[in-house]
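So the chains spell out like this:
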Amino acid sequence: MATATEGLLEAAARPAKQDPAVETAEEAKEPAEADINELCKDMFNKMATYLTGELTATSEDYKLLENMNKLTSLKYLEMKDIAINISRNLKDLNQKYAALQPYLEQINLIEEQVAALEQAAYKLDAYSKKLEAKYKKLEKR
């Protein structure tokens, strides 16, 4: 019996032939308590770094938006000033046009009179040519 027990012990002590289709499992060992503490500290430090980076990026985005809003506000103020100047100049121009309106009406009246005078001159010219033709005709007789 002692030999049978010794044979089993020897068989267990000898490495068994590995069958390629059979996998062997190893016992899962828990890491030491100090390793877990170090890993937790490392994880928390890296998470803090990550979150700090995320918050910094978000903060920078808000600063950029703030700067863009300030620039846009300045541009709108410039555009407002330009619009006010254009409005003022347009009012001045309308006042000048209103002041010139009587003179423009006089120019239109003079232009109409000149056109009428021109028509009268054409009629007078045509009449004088007829009269000249009659005079020449009477002179030949």
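Just so you know, these numbers come straight off a predicted model, no measurement behind them.

Analysis parameters
- Residues numbered from 1 in each chain as written.
- Predicted model: local features only at pLDDT ≥ 70, side-chain atom pairs only at ≥ 80, totals over all residues.
- Heavy atoms only, no water.
- Helix = DSSP H or I, 4+ residues; strand = E, 2+ residues; numbered from the N terminus.
- Buried < 20%, exposed > 50% of the residue type's maximum accessible area, 1.4 Å probe, protein only.
- Areas by Shrake-Rupley, 256 points an atom, 1.4 Å probe, with all protein chains shown as cover.
- Salt bridge = Lys/Arg side-chain N within 4 Å of Asp/Glu carboxyl O.
- Patch = residues over 30% accessible without salt bridge, like charges linked within 9 Å, V, L, I, M, F, W, Y side chains within 5 Å.
- Lys, Arg positive; Asp, Glu negative; His and termini not counted.
- Charge placed at Lys NZ, Arg CZ, Asp CG, Glu CD.
- Expected span 1.5 Å × (residues − 1).
- Bend = angle between axes of the 7 residues up to and from the residue.

Some words on the overall build of the protein
Point 1. A count of helical and extended segments in the protein gives two helices and zero strands.
Point 2. Buried residues in the protein amount to 0% of all 141 residues.
Point 3. Counting only carbon and sulfur atoms, one obtains 61% of the accessible surface of the protein, whose full area is about 14100 Å².

Section: the pattern of salt bridges
Point 1. Following the criterion strictly, the structure yields six salt bridges and no others.
Point 2. For the salt bridge of Asp42 with Lys46, the shortest nitrogen-to-oxygen distance reads 3.4 Å. Residue Asp42 and its partner Lys46 are located together in helix 2 (residues 33-140), separated by four residues, close to a single helical turn.
Point 3. Overall, the relative accessible area of 55% leaves Lys46 in the exposed class.
Point 4. The salt bridge partner of Lys129 is Asp125, with a shortest N-O separation of 3.6 Å. With Lys129 and Asp125 both in helix 2, this residue pair falls four residues apart, about one helical turn.
Point 5. According to the relative accessible area criterion, Lys129 is exposed, its value standing at 52%.

Concerning a nonpolar patch on the surface
Point 1. Together, Tyr97, Leu100, Tyr103, Leu104 and Ile107 give the surface a local cluster of nonpolar side chains, amounting to about 520 Å² of exposed area.
Point 2. You can see Tyr97 is positioned in helix 2.
Point 3. The class of Tyr97 is partly exposed, set by a relative accessible area of 48%.

Some remarks on a positive patch on the surface
Point 1. Together, Lys130, Lys134, Lys137 and Arg141 make up a positively charged patch on the protein surface.
Point 2. Under the relative-accessibility criterion, Lys134 is labelled exposed at 57%.

Description of helix 2
Point 1. Between the first and last C-alpha of helix 2 there are 148 Å, a value that for 108 residues agrees with the 160 Å anticipated at 1.5 Å per step.
Point 2. At Gln101, helix 2 shows its largest kink, close to 45°, and the proline Pro102 lies no more than four residues downstream.

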